[in-house]
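Structural description and commentary
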Amino acid sequence: MFNKKNTVLLVSSVLSTLPLSSSIAADTNADVIEIPSLTVTANPLGAKSPDELVQPVTVLSGDELNQQRGATLGETLDTVPGVSNSDFGPGVGRPVIRGLQGSRVQVLEDGLKTADISGEGGDHTVAIDASRADQIEVFRGPATLLYGSGAAGGVINVKSNRFNPEFGDAPRVHGQLGYGYNGDERQGNIGLELPVTDNFVLRTDYGLRRSHDFDIDGFQQRGQTEGDKDTLQNSDAITDSFSVTGLFKGDWGNAGLGYSRWRTDYGIPEAFLGEDEEEQERIHADFDRVDFRSELIDPIPGFTAARIKLSHTEFNQQEIGAHFHDGELEEREVEMEFTNDETEARFELVHNPIGMWQGVIGLQLNNREFGADGEGHGGHGHGGHSDGFYIRDTDTRSAGLFVLEERLTDFGRLEFAARIDHVRSDPTTLGGERHIDLPSGDELHQEADLGDRSFTPFSLSAGSIIDLGDTHHLRLSVTRSERAPSAEQLYAFGTHAASGTVEVGDVGLDEETYTNIEIGLDRHSGPFRFDATLFYNHVQDFIYLASMDDGSGNAVMIDDDTLVFNQQDDARFYGAEFTAAWDVVEGNMPLTLRFSGDIVRAKLDDGDNLPRISPARLGIGFDTAYQDWDFSMDYRHIFKQNDSAALESDTDGYNLVTLDARWKPASLKGGELYIQGHNLLNEDGRRHQSFLKDDAPIIGRALMTGIRFDFGG
C-alpha cells in the first residue's frame with residue numbers, strides 16, 4: 001500500500017464518506033489544513049497522503065485493489081492488517097475489524113450505509129458488488145464515531161466512480177472479465193461513461209458473477225468420514241448488479257442522482273449424504289436504491305463547502321429451505337423473509353477557520369423499517385415455538401449531530417471530535433406471548449408487548465500526529481464512544497434458519513461503551529517504509545452471543561440448531577498491526593519485499609475468551625516487474641486459534657500462497673491480461689471468525705484469468 005499513498009487525493013470536508021483527508025485553505029496565503037474525511041475524490045481542494053492523517057487508514061485502489069479484488073467485500077479485504085473475512089461460504093463475505101463484526105462494522109457505499117441486513121446474521125452477505133469498487137477505504141480509529149454507533153468496530157467505504165465530478169470530453173468504457181476454473185466461476189463488470197455536455201455526464205455499469213459448487217481439500221464437515229469429498233456442497237452463487245447515474249457540475253459545485261439494483265442467490269454450504277432426512281438452505285436477496293449527492297462551494301458566509309447525501313433503499317431477503325428424504329426432494333419453501341426499507345440523510349458544513357481551528361459540523365438522520373416473517377425449519381413451529389419467525393418487525397429512527405475540529409501545530413496537528421445520537425426502536429406488539437420449548441422440558445418466554453427502547457449515545461475522541469523529523473510520524477489517539485444495541489440483540493426470539501441458531505434477545509440491554517487507546521509509528525519515505533499500530537479497547541457492557549451448557553459440556557441444541565443468548569459483560573480487545581515495504585532492487589527489474597501481520601485478543605473481564613475472534617496472521621510477499629509484465633506473490637500463515645470461548649471449537653493453523661501476474665503491452669492501449677492464484681497449496685483451512693467453520697472450510701486451489709480494460713475518456 002505504500003507506493004499508492006502519494007497518488008491518493010483527498011477531499012476538503014471531514015465527514016463525507018471514508019477517511020483520508022481533505023484540504024481547505026485557511027486563506028490565500030495560509031498553510032493548508034487537512035480535515036479527515038471518509039470521501040476520496042478526484043476533485044479535492046488539496047492533496048494529502050494517508051501518511052499525514054491522525055487516524056490509521058488503509059486505501060486500496062488501482063493495481064493494488066485489482067490484485068486483491070475478490071467476489072465479496074470480505075474476501076477483497078482479507079489481506080488488510082486488522083481486517084479478516086467471516087465467510088459463510090463463498091456467497092457471503094463479511095469483514096471483521098479487530099475482532100468486531102456484524103452491526104459493529106459500518107459498511108458504506110459512496111458515503112452512506114449499504115442498508116442491507118448483513119449485521120443481522122452470519123449468513124447474510126454485504127450488499128456490495130466488489131467489482132464496481134473504484135477505491136476501498138478502511139478506517140480504524142477515533143473518527144469512526146462520526147459515522148454513528150454502528151461504527152464501533154470500524155468504517156469501510158466502497159467508493160465507485162458514480163458521483164465523481166471529474167470526467168473527460170469523450171466516452172469511456174472500462175471493466176473486467178474473468179474466469180476461474182474452481183467452481184466454473186465467471187465474473188465480469190463493464191461500465192460506460194458518456195459526457196453529454198461539458199457539464200453533464202451519464203454513467204452506467206453492469207456486473208455479474210456465476211459459479212457452481214467449489215472444490216475443497218478433503219471432507220466438508222469437521223469429523224466427516226463418508227459422503228462427497230473434495231466438493232463444497234451447496235456453495236454455488238449468482239449475483240447481478242446494475243446502476244445508472246447522472247451528474248451535473250458547475251462553478252457552484254455539483255449534484256448527482258443515481259439508481260442501482262442488486263440481486264444475489266447463493267447456497268449455505270452443508271454436507272449432503274443423500275440419506276434419511278436432510279435439508280439445504282439457499283438465500284435470495286435483492287435491493288433497489290436511489291442516491292443523491294451534492295457538493296456546494298462557498299454555500300453561505302462562513303462556510304467553504306456543504307455536502308448533501310441522501311439515499312433510499314428497499315431490501316428484501318428470502319431464506320429458502322429444500323427438504324430431502326433419502327436424497328429425493330420432498331419440499332422447497334420460504335422459511336424466513338426479511339425486509340428492510342431504509343432512508344438516510346447526511347448534511348455536512350465545512351466552516352472557515354476560527355482562530356487556528358478548521359473543522360466540520362453535520363447532521364445525520366436515518367429511518368429504518370425492518371421486518372421478518374417465517375416459520376423456521378419445516379414451517380411448523382420448529383423447536384416448539386408458538387411462532388416460528390426469528391425477530392418481530394421493528395421501526396428504528398435515529399438522529400445524530402457531530403463535529404470535528406483540527407489545527408496545525410509546531411509538532412504536527414491536533415484533532416478533536418464529538419457526536420451525540422438519539423436512537424429509538426419500536427417493535428411490533430404481537431397477538432400473544434411467544435415461547436421456546438427446551439429439551440429439558442422448561443420454557444423460555446417473550447412478552448407480546450415489549451415496549452419501545454430509546455438510547456442517547458454520546459462519543460468523544462482526541463488524537464494527534466507528531467512529526468518525528470522528515471521521515472517518521474507518531475500517532476496518538478483516545479476515544480470514548482457509545483453504541484446502542486441493534487434490533488436483533490434486543491428482540492430476537494426464534495429460529496434463524498440459514499445460520500442454524502435459535503437466538504434469544506434481551507430487551508433490557510444497555511448501551512455498549514468503548515474506551516480505545518491507540519499508538520502508531522510510521523516511516524513514510526525512503527527505501528524502507530513501515531506502519532505499526534498498537535491498540536487497547538475496553539468495552540463496558542459488551543453484547544455477545546453465548547451458548548448454554550447442556551450439562552455434558554456441549555451446547556444446548558433445539559433439533560439441529562444451537563440455542564444462543566444475547567448477553568452483556570465487560571470485555572477488552574487489544575492487539576497490534578503492521579505493514580512494511582523494502583525496495584531491495586531498483587531499475588529495469590525492481591524488487592520490493594513486503595511484510596505484514598496482525599493479532600487481536602478479546603476477553604471478558606472475568607478472563608473468559610470471546611467467541612469467533614480472528615487468529616494471528618503473518619505474511620511476506622514481493623513485487624517485481626520486467627518489460628510489460630508485473631508480478632506479485634504472497635505467503636501468509638494463519639496461526640492456530642486455541643483461545644476459544646466456552647463451548648467453541650479450536651481451529652488449526654494453515655498457510656495461504658497467492659500470486660498475481662499482469663501483462664500490459666502497449667498494443668492493448670488501456671487493456672491488460674491477468675492471472676491470479678489463491679490457496680495454491682490447496683490448504684484445508686477453517687476461519688475461526690466464521691459461524692460456519694465446522695461445516696465448511698475455505699475453498700481449495702483456485703486460478704482466475706481474464707482481461708481488464710479502460711478505453712477512452
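Criteria and cut-off values
- Residues numbered from 1 in each chain as written.
- Predicted model: local features only at pLDDT ≥ 70, side-chain atom pairs only at ≥ 80, totals over all residues.
- Heavy atoms only, no water.
- Core = buried A, V, L, I, M, F, W, Y, C linked by side-chain atoms within 4.5 Å.
- Buried < 20%, exposed > 50% of the residue type's maximum accessible area, 1.4 Å probe, protein only.
- Helix = DSSP H or I, 4+ residues; strand = E, 2+ residues; numbered from the N terminus.
- Patch = residues over 30% accessible without salt bridge, like charges linked within 9 Å, V, L, I, M, F, W, Y side chains within 5 Å.
- Areas by Shrake-Rupley, 256 points an atom, 1.4 Å probe, with all protein chains shown as cover.
- Salt bridge = Lys/Arg side-chain N within 4 Å of Asp/Glu carboxyl O.
- pLDDT = per-residue confidence, 0-100.
- Contact = heavy atoms within 4.5 Å.
- Pairing = 2+ DSSP bridges.

What follows is about the nonpolar core. Grouped together as the largest cluster of nonpolar side chains are 22 residues, with contacts concentrated most on W262, F315, F338, F370, A372, Y390 and I391. For this core, the secondary-structure elements that each account for two or more residues are β17 (277-297), β19 (328-354), β20 (357-374) and α3 (487-491). Here this core takes 3 residues from α3, the largest share from any one element. If you look at the next biggest cluster of nonpolar residues, it comprises 16 residues, including L73, L77, V80 and I156.

Now for a nonpolar patch on the surface. Together, V173, I190, L192, L194, V196, L202, Y206, L208 and V244 give the surface a local cluster of nonpolar side chains, amounting to about 640 Å² of exposed area. Of all elements in the fold, only β11 (185-195) and β12 (200-211) reach the threshold of two or more residues within the nonpolar patch. Within the element layout of this structure, V196 appears in the loop between β11 and β12. Note on V196: relative accessible area 47%, which makes it partly exposed.

Residue-level pLDDT values for the protein chain average 86, and 89% of them are 70 or greater. This model gives residues 1-48 a pLDDT under 50, and the stretch forms 190 contacts once residues within four places in sequence are excluded. Contacts for the low-pLDDT stretch residues 376-387, under 50 throughout, to residues beyond four places or in other chains number 40 contacts.

Backbone hydrogen bonds hold the strands of a sheet together, and the pairing may be parallel or antiparallel. Pairing is mixed across the open sheet formed by 5 strands, whose spatial order is β3-β8-β9-β6-β7. Edge strands, defined here as strands with exactly one partner in the open sheet, are β3 (57-61) and β7 (112-113). Relative to strand β8 (residues 135-139), β3 runs antiparallel, the two being bridged by 5 bridges. Note that in β8 the partner of L60 across the bridge is I136.

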